[in-house]
Structure formats: structure tokens, C-alpha cells
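Structure assessment
The lines below spell out each chain.
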Amino acid sequence: MEKNDVILDVKNLKKHFKLGRKGVLKAVDKVSFKVYRGETFGLVGESGSGKTTVGRSIIRLYNPTDGEIIFENFKISGKMTHESENYLHTKMQMIFQDPMASLNPRKNVMDIIAQGLDIHKLYNTKKERAEKVYSMLEIVGLCKEHAHRYPHEFSGGQRQRIGIARALIMEPTFIIADEAISALDVSIQAQIVNLMKKIQKERNLTYIFIAHDLSMVKFISDRIGVMHAGRIVEMGNAEDIYLHPIHPYTKSLLSAIPHPNPIYEKIRKRTNYDKTGIDYDLGKWLEIEKDHFVLGTEDLLKKWA
Amino acid sequence: MENILEVSNLNVSFKTHNGKIKAIRGVDFELHKGETFAIVGESGSGKSVTAKVIMGILSKNGNIDKGKVIYKGNDLTKLNKKELVKIRGKEISMIFQDPMTSLNPTLTIGYQILECLIEHQNFKKREAKLKVLELLELVGIDQPQKRYKQYPHQLSGGMRQRVVIAISLACNPKILIADEPTTALDVTIQSQIIELIKDLQIKIDLSIIFITHDLGIVANVADRIAVMYAGKIVEYGTTDEIFYDPKHPYTWGLLASVPDMDDRGQELYSINGTPPNLLYPPKGDAFAVRNEFALNIDLEEQPPFFKISDTHFAATWLLHDEAPKTEKPSSLQKRIQVMKGEEYNGKK
């Protein structure tokens with residue numbers, strides 16, 4: 001991972017949803033971060049914190065309300081040129097949470113995986129298309145024979161492998177994994193995480209890994225952004241966030257994770273997050289130590305330390 | 001210790017288009033009075049089916065082939081519908097994973113709690129209302145007067161689960177079955193609900209069967225643990241025995257596949273393959289094909305339980321006298337040492 005090689009630059013991203021005539025839901029508000037090539041950037045937070053909205057705004061499943069997103073020198077926010085649109089749609093891919101809901105039950109695996117190729121016409125002959133799908137199936141740990149089956153014939157872990165194959169066949173450089181392992185069993189989660197890490201190494205991929213399961217996020221991520229109420233409240237290297245959290249929200253989130261260790265569980269104390277006196281709009285990005293940022297004011301910081 | 005519930009040699013199968021699925025293949029356990037007994041396992045291992053048998057709410061295509069569930073001298077599997085209704089909710093009650101689907105969206109939460117008080121305990125309406133408000137307060141819902149009149153959609157997920165707990169406790173049950181009660185909730189809410197359950201257990205002397213796949217939660221709540229795999233219990237023991245001295249290779253795999261800060265950058269230990277298809281349960285040990293330590297006999301014959309201590313049993317041939325000495329994977333050994341050694345002080 002090279003620190004200077006920024007692959008994705010999100011500046012001041014906002015996504016507001018209109019609720020009725022007057023209400024506005026600021027699902028994502030003033031979110032800025034950079035992702036470096038080859039790293040895994042983890043986004044954590046409770047449901048409703050806006051982490052999924054960030055992911056979807058980046059890949060343009062939502063139109064951001066405001067803000068600028070630069071992906072490999074292409075501006076992919078606001079009005080896009082045909083060229084940047086094409087680039088975005090091939091080089092950035094997404095893996096979804098529920099592999100059953102995200103695979104078309106009426107298509108066989110071959111057609112599901114090849115859909116991206118079909119849309120962008122990335123093959124010359126039928127045979128070439130099949131070959132590409134077969135090789136992709138093998139990469140994700142399935143086999144050729146699976147290509148002519150339908151999603152319901154697979155287990156949850158296998159379906160998620162199909163989802164990964166569908167994303168990888170476009171030869172992306174950037175993958176957004178939105179709760180990609182949350183619906184899977186513990187032992188299968190480990191398989192999928194190992195697979196994702198292996199592919200990342202082989203193909204120099206960059207991941208945004210969105211999840212609420214903090215133990216997996218800390219395992220897979222190089223850097224982590226902690227989201228609350230539409231804002232990133234703390235961001236830094238995975239170790240720093242876990243070992244020296246600053247923001248009280250991060251602290252309360254970490255204190256709530258149960259550890260698979262009975263001795264530790266007997267002494268674990270949960271802290272509640274009290275938002276009184278903390279106004280995210282007044283907060284600024286403060287760099288505590290190198291690459292470790294907190295949203296807050298100088299006064300608050302003294303209180304938190 | 002006094003047993004409040006005994007399950008012996010339970011066998012359950014489901015009729016499907018493709019044949020009979022043998023979902024539970026010989027499960028034995030007993031629940032001690034006042035304890036929390038956790039059943040862990042992956043989806044399809046039979047943990048929820050076990051709970052449903054105890055509650056008598058097995059779906060129509062399910063059949064109890066063999067076995068007994070003894071509660072207060074009665075075999076619950078033999079009772080008719082009328083007799084079951086007396087026990088269900090009153091003596092044994094259950095909370096489910098998704099609080100939204102277990103509440104009726106068209107009724108106020110007050111009414112839904114009221115309902116079971118009037119049904120089971122012959123409360124007058126006015127007394128019942130007071131009791132409902134008391135219950136809402138017990139499960140930590142603020143402004144019970146206001147909440148009483150609200151509908152489920154007006155409450156957050158955590159609040160809804162509290163309401164479900166209030167309903168399940170309305171008739172002073174002796175046993176509470178909690179089937180993944182926090183899986184659908186956020187971590188912060190999850191720990192609140194777990195604290196609530198633990199708190200209530202002390203207050204009203206409950207015995208709890210806690211079903212989950214999350215080993216972190218198990219470490220927190222359980223007194224004893226049973227690990228289930230492919231319709232069988234493969235190991236059971238006290239919480240410390242399971243976490244610090246596991247004997248079954250499946251338990252090893254489960255514990256080792258939970259990530260830890262220290263193994264960052266390394267490959268996560270994972271169990272290969274997938275669980276067996278219970279339409280055609282294997283002849284030998286169901287875990288054998290995924291087990292890197294499997295012996296030849298594992299494919300031929302199902303292992304019996306081997307006793308490790310008075311409270312700790314595991315069903316694996318590795319514990320047989322003639323089996324080669326096998327150690328748990330080194331990564332797990334290291335982890336256990338770390339877990340026991342330091343109390344994570346300053347490490348968190």
C-alpha cells in the first residue's frame with residue numbers, strides 16, 4: 001500500500017433524503033476521506049449511521065446531494081461524462097449483504113456472472129464468454145459445473161462466492177463490500193474473508209469494507225472510519241482505533257463488543273455514549289497523532305483525553 | 001444441582017419433497033435450575049429445532065421420531081394441545097430473533113402484553129393494566145404510560161425486543177428460551193438486552209436456554225455450553241471448559257475462526273467445506289469430512305461421548321485410548337494462552 005497513491009478521494013459528501021414536504025434526513029453529511037491503492041478501508045457504525053449510504057453514493061446507486069468524489073482521476077460525482085461513467089461501471093464493483101436477494105433467481109450462474117460482460121460487450125465469441133466465467137468460478141473456489149445451476153441450489157457461502165465472481169469478472173480495481181459476510185455462519189465467514197484477502201493480494205485490489213461486526217472489520221481493515229449519525233467521527237489505522245480510541249462514540253461502540261473470552265467478559269464494562277454537549281456541526285477534523293483523526297473541538301478533546 | 005428440564009435421546013425429522021431431513025439425531029441435555037445453558041452452532045445444526053420441540057411449536061412437517069422432554073415429571077412431547085397451552089408461555093416461554101415479526105403490527109404493545117395476562121392468569125382488566133406498566137418498567141422502557149398506547153412500528157428495534165421480553169415474562173415462567181434474541185440488533189443495543197436478560201434472571205429466578213452462534217455473547221452469558229453440529233451435540237461443558245480446554249475438533253474450528261487483533265494480516269483459520277446434507281446423514285462422524293484430524297474410524301462409526309470431567313463431555317474418537325495424540329491447532333493454543341494470561345488490561 002502506497003500512502004501517496006490515492007485511488008478514491010471523497011470530499012464533503014452529502015446525501016440528504018427528503019421526508020415529506022419539509023423534513024430532510026441527513027443520512028450522510030460532510031463526509032470526507034481518502035482511500036489508498038491496495039488497502040482495505042473499513043466503515044463501521046450502527047444501523048442508520050449512514051455507512052451503507054456512503055457506499056452507495058460512491059458507486060452511484062444514489063445521486064449524492066453535494067460533494068465531490070474523485071476515482072482514479074475521474075470525477076464521478078455530479079454530472080459524469082460517458083467516459084467516466086463507463087470507467088466507474090467497470091472498475092468499481094460492489095458485493096452485497098444478502099447473496100440470495102442480490103442474485104436473480106431466474107438466471108443461471110453463467111448468466112449472472114457474465115451480465116457485466118454482456119452489458120459492456122467485453123467478449124467476441126460465446127466461447128470466450130464461457131471461458132471467462134469458468135476461470136472466474138475457479139478463482140472463487142467453485143467449479144465449472146456450477147455455471148449451469150441456479151442460485152437456490154447453492155448454500156449461503158457459495159452464493160456469496162458467486163457474488164464475488166460477478167464483481168471480479170469486470171476486473172475492477174476497487175470493490176465495495178457492503179456487509180458482505182454478515183449473513184454467513186462463523187466458519188463460512190472465515191472462508192469468505194480469506195478468499196477476499198487472497199484475491200486482494202493477487203490482483204492489488206482496494207476494498208471499502210462496510211460492516212457492523214467490528215471484530216471482522218478490525219481483522220480485515222488497514223484503516224477504519226467510525227460513523228455516527230451521518231458523520232465520520234473518528235478515522236485512523238485499525239490498531240489506533242482499537243487500542244487508543246478517542247471519541248466517546250468509538251469508545252462506547254468498542255466497549256459493547258462481546259469478546260469470546262469468559263475471563264474478559266467478566267470484567268468488561270460497557271460505557272454509554274452521551275451526546276450532550278457534542279455538536280458535530282461545530283466539530284473540526286483534528287489530527288491526534290499521525291493519520292488518526294477525530295471530529296471535535298479543542299475543548300472537547302481535552303475532556304475526552 | 002436440581003434439573004428443571006431434561007431432554008433425552010431426541011430425534012426429529014422433517015418431511016420435504018426430497019425426502020426426510022433428519023434435523024436432530026439424538027440430543028441429550030439437562031437444564032439446571034437457575035442456570036444459563038447456551039446452545040451454539042451454525043445454521044442448520046438443529047439448535048432452533050430443539051427449542052421448538054421444547055415449546056411444542058414444531059412446524060407441521062416436523063415429526064418427533066424418538067425421545068423425551070421431561071418437565072415436572074411430564075413428557076412434553078406426549079401432551080395434547082390443551083395441556084401444552086397451559087405450559088407454553090406460563091411455565092416455559094420463548095423470545096425470538098426478530099422482534100418485529102413476533103409482535104402484531106396492528107395492536108398496541110400494551111394490549112399485546114395484556115392479552116396473555118388475561119388469558120393465562122385470569123387478571124381483571126384494570127389490574128392487568130397495572131401489571132403491564134410494571135412489566136414495561138421491569139424491562140427498562142421509559143414512560144410506560146405513553147408506550148402502552150403505541151404500536152410496534154413506533155418503537156426502535158431494541159425497544160421492541162424489550163416488549164417481547166416483557167410479554168414472555170408476563171406469566172412468570174420458570175424457563176426462558178432465547179433464540180438468537182440479539183442477532184438482529186446493533187452491538188450497543190445487543191449488550192443492553194443481554195444485560196437486561198442477565199439482570200432479570202437474578203430478579204425472578206429464571207432458568208435460561210440461550211441459543212446463539214455468537215461466541216462472544218456465549219462467553220458473556222453462559223454457565224454451561226453445548227456445541228451442536230449436524231443435529232447432534234458434539235461437546236458440552238462449563239463455559240471455561242469449552243473456551244479454555246475444548247476437545248472436539250469442531251469446537252476448535254469454531255473458536256479459531258473468530259478473528260483476533262493479534263492475527264491481523266495472517267490467514268484466518270477456517271473450517272473447509274460445508275455442513276453435511278441431513279437428507280442423507282453420514283454413517284460415521286458428521287464432521288469427519290471437514291476435519292483435518294479425522295481418523296479412519298470417524299468415517300465408519302459415530303463416536304460416543306468421552307468423559308473429560310464431571311461436567312465436560314465430547315464426542316470425538318480422538319479421545320479414545322487408542323487414538324493418536326492430537327493437539328489443537330497452534331493458533332488456537334496461542335490464543336487460549338493469551339486469553340488466560342492477560343486480562344486484556346490496557347489492550348482493548
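Right above here is the structure, for reference.
Right, let's walk through the structure included here. (Residues numbered from 1 in each chain as written. Chains lettered and ligands numbered in written order. Predicted model: local features only at pLDDT ≥ 70, side-chain atom pairs only at ≥ 80, totals over all residues. Heavy atoms only, no water.)

1. Quick word on the side chain of Arg160 of chain B
- Mapped onto the elements, Arg160 of chain B comes out in helix α7 (residues 157-169).
- Buried and unpaired, Arg160 of chain B has no salt bridge, with Asp98 of chain B as the nearest side chain of opposite charge at 5.8 Å. (Helix = DSSP H or I, 4+ residues; strand = E, 2+ residues; numbered from the N terminus. Buried < 20%, exposed > 50% of the residue type's maximum accessible area, 1.4 Å probe, protein only. Lys, Arg positive; Asp, Glu negative; His and termini not counted. Salt bridge = Lys/Arg side-chain N within 4 Å of Asp/Glu carboxyl O.)

2. Notes on the layout of surface pockets
All names here are of chain B.
- What the second largest pocket holds in volume is close to 530 Å³.
- Surrounding the second largest pocket, 21 residues form its lining, Gly89, Met94, Cys116, Ile167 and Ser168 being those nearest its centre.
- Taken together, the elements giving at least two residues each to the lining of the second largest pocket come down to β6 (92-95), α4 (109-121) and α7.
- A per-element tally of the lining of the second largest pocket places α4 first, with 5 residues.
- Residues that form the lining of the second largest pocket fall into these classes: 11 nonpolar, 7 polar and 3 charged. (1 Å grid on protein atoms, 1.4 Å probe; cavity = no way out; pocket = protein on both sides within 12 Å on 5 of 7 lines; lining within 4 Å. Points joined across faces, edges and corners; volume = space filled by probe spheres on them. Nonpolar A, V, L, I, M, F, W, Y, C, P; charged D, E, K, R; others polar.)

3. Here we look at the environment of Lys15 of chain B
Residues and elements named next belong to chain B.
- With respect to the element layout, Lys15 can be found in strand β1 (residues 3-16).
- The spacing of Lys15 and Asn61 is 46 residues in sequence and 5.3 Å in space, taken between C-alpha atoms.
- Discounting residues that sit within four places of it in the chain, Lys15 has contacts with Lys20 and Asn61. (Contact = heavy atoms within 4.5 Å.)

4. Points about the side chain of Ser255 of chain A
All names here are of chain A.
- Take Ser255: it is sitting in helix α9 (residues 248-255).
- Under the relative-accessibility criterion, Ser255 is labelled buried at 2%.
- Among residues more than four places away in sequence, those in contact with Ser255 are Arg268, Lys269, Arg270 and Thr271.

5. Quick notes on the pairing of strand β1 (residues 6-19) of chain A
Residue and element names in this part refer to chain A.
- For β1 and strand β2 (residues 23-36), the ladder comprises 10 bridges, and the chain directions are antiparallel. Paired with Val6 across the strands is Tyr36, a residue of β2.
- In sequence, β1 turns back onto β2 through a hairpin of 3 residues, with Gly20 there showing a positive phi of about 65 degrees.
- Pairing analysis gives 5 bridges linking β1 to strand β4 (residues 66-71), with the strands arranged antiparallel. Paired with Asp9 across the strands is Ile70, a residue of β4. (Pairing = 2+ DSSP bridges.)

6. Here's the deal with empty space enclosed by the protein
- By the definition in use, this model includes 1 cavity of 30 Å³ or more.
- Taken as a whole, the largest cavity encloses approximately 30 Å³ of empty space.
- Lining the largest cavity we find Ala256, Pro258 and Arg268 of chain A together with Gln190, Ser191, Ile194 and Asn220 of chain B.
- With 3 residues, the top contributor of residues to the lining of the largest cavity is helix α8 (residues 187-204) of chain B.
- A per-class count over the lining of the largest cavity returns 3 nonpolar, 3 polar and 1 charged.

7. Points about the sheet that holds strand β9 (residues 224-229) of chain B
Residues and elements named next belong to chain B.
- On the basis of which strands lie adjacent, the open sheet formed by 8 strands has the order β6-β7-β8-β3-β9-β10-β12-β11 and mixed pairing. For this open sheet the edge positions go to β6 and β11 (306-307), each flanked by a neighbour on one side alone.
- The pairing of strand β10 (residues 232-238) with strand β12 (residues 313-314) spans 2 bridges and is classified as antiparallel. Across the sheet, Glu235 pairs through a bridge with Ala314, a residue of β12.
- Its contacts with the sheet place helix α11 (residues 249-256) against β9 and β10, and it is angled at close to 100 degrees to β9. (Axes fitted to C-alpha atoms, helices over the stretch in contact; angles between N-to-C directions.)

8. Here's the deal with the pairing of β4 of chain A
All names here are of chain A.
- Sheet topology places β4 next to strand β5 (residues 74-75); 2 bridges connect them, and they run antiparallel. If you follow Ile70 over to β5, its bridge partner there is Lys75.
- In this antiparallel pair of consecutive strands, β4 and β5, the connection spans 2 residues, and Glu72 shows a positive phi of 45 degrees.

9. Here's the deal with the sheet that holds strand β5 (residues 74-75) of chain B
Residues and elements named next belong to chain B.
- Pairing is antiparallel in the open sheet, where 4 strands are placed in the order β2-β1-β4-β5. The sheet is open, and its two edges are formed by β2 (19-32) and β5, each paired on a single side.
- As defined by bridge partners, β1 adjoins β2 across 11 bridges and the pair is classed as antiparallel. From the neighbouring strand, Asn11 faces β2, where its bridge partner is Arg25.

10. So, the packing of α4 of chain B against α7 of chain B
Residue and element names in this part refer to chain B.
- It is at 8 Å that the axes of α4 and α7 come closest, and there the two elements cross at 20 degrees. Comparing the axis directions of α4 and α7 gives the class roughly parallel. With respect to the hand of their crossing, α4 and α7 are arranged in right-handed fashion. Only Val163, Ala166 and Ile167 of α7 make contact with α4, whose side of the interface consists of Ile109, Gln112, Ile113 and Cys116.
- The residue inventory of the contact of α4 with α7, partitioned by class, reads 6 nonpolar, 1 polar and no charged. (Parallel < 35°, antiparallel > 145°, perpendicular 65-115°, else oblique. Left-handed = near helix turned anticlockwise from the far one by under 90°.)

11. Here we look at the environment of Asn194 of chain A
All names here are of chain A.
- Mapped onto the elements of the fold, Asn194 is located in helix α6 (residues 186-203).
- On the accessibility criterion, Asn194 (9% relative accessible area) is buried.
- Asn194 sits 26 residues away from Ile220 along the chain, and the two C-alpha atoms are 9.2 Å apart.

12. Thoughts on the packing of aromatic side chains
- The full count for this structure, using the stated rule, is 15 aromatic pairs over all chains.
- Residues Phe17 of chain A and Tyr62 of chain A carry aromatic rings whose centres are separated by 5.4 Å and whose planes lie at 85 degrees to one another, so their mutual orientation is edge-to-face. One end of the pair, Phe17 of chain A, is in strand β1; the other, Tyr62 of chain A, is in the loop between α1 (51-58) and β4, with 45 residues separating them in the sequence.
- One Lys or Arg, Lys197 of chain A, reaches over the ring of Phe219 of chain A and ends 4.6 Å from the middle of that ring.
- Across the ring face of Tyr148 of chain B, the terminal group of Lys129 of chain B is positioned such that the distance to the ring centre comes to 4.8 Å. (Phe/Tyr/Trp six-rings, centres within 6.5 Å; stacked < 30°, edge-to-face > 60°. Lys NZ or Arg CZ within 6 Å of the ring centre and 35° of its normal.)

13. Some remarks on the interface of chain A and chain B
- Every contact between the two is made by 39 residues of chain A and, on the other side, 45 residues of chain B.
- Roughly 3800 Å² of surface becomes buried between chain A and chain B when both sides are summed, with 56% attributable to carbon and sulfur atoms.
- Across the contact surface, chain A and chain B share 1 salt bridge.
- For Glu195 of chain B, the salt bridge goes to Arg270 of chain A, with nearest N and O atoms at 2.7 Å.
- Those elements that provide at least two residues to the side of chain A that touches chain B are α6, α7 (214-220), α8 (238-243), α9 and α10 (262-267) of chain A.
- No other element matches α6 of chain A, which puts 8 residues into the side of chain A that touches chain B.
- Classifying every residue of the side of chain A that touches chain B gives 18 nonpolar, 11 polar and 10 charged. (Buried area = accessible area lost by both parts, 1.4 Å probe.)

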